[in-house]
Amino acid sequence: NAENVCFAIVLYTACDEGKAKQDIELKPRARQNVLFEHGFMCSKLGRDHVVALLSDRVEQPGDLNGVVYVELDNGGAWQFKIANEMKAVGLNVDLNKIKL
């Protein structure tokens, strides 16, 4: 299905836990396949056409620094942030159609 898209939203949810060797506590992380798919979409579409939507407290991967991360908030501001990123790359997005 990746052949038919011009923009991607990658959803990072706390499905896994992990830590650096020197850390003591586990931290919520997205599954490894999500990171792979994020990188794949960045390669296919360009970083400016991919946004990562992070649920509460999910760790941002260090290997994908420089990409747009948007926090999933309960107020719905994330919808406007993503819409604005889509508009920035030339997609026709009507902000008036966003329902909070």
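Here we summarise the structure given alongside this text. All values derive from a computational prediction rather than experimental measurement.

1. Considerations on the sheet that holds strand β1 (residues 8-12)
An order of β1-β4-β5 is seen for the three strands of this open sheet, with the pairing classed as parallel. If you trace the sheet from one side to the other, it starts and ends with β1 and β5 (68-71), each paired once. With strand direction ignored, the average angle separating the axes of adjacent strands in the sheet is 30°. Where strand β4 (residues 50-54) meets β5, four bridges bridge the pair, whose relative direction is parallel. Along β5, the bridge assignment pairs Val51 with Val68. Here helix α1 (residues 32-45) sits on the sheet in contact with β1, β4 and β5, set at roughly 165° to β1. Against the sheet, helix α2 (residues 77-88) engages β1, β4 and β5, with an angle of about 160° to β5.

Thresholds applied
- Residue indices follow the written sequence of each chain, beginning from 1 at its first position.
- Local features in this predicted model are restricted to residues of pLDDT 70 or higher, and side-chain atom pairs are both shown and tallied only at a pLDDT of 80 or more, whereas totals for entire chains, interfaces and linings draw on every residue.
- Only heavy atoms go into the side-chain values, all of them from the structure, while hydrogens and water stay out.
- Strands qualify as paired when DSSP identifies two bridges or more between them.
- Numbering of helices and strands starts at the N terminus; helices are DSSP runs of H or I of at least 4 residues and strands are runs of E of at least 2.
- Only the contacting stretch of a helix is used when fitting its axis, a line to C-alpha atoms as for every element, and angles between N-to-C directions run 0 to 180 degrees.
- It only takes one pair of heavy atoms within 4.5 Å for two residues to be counted as in contact.

These figures come from the coordinates and say nothing about function on their own.
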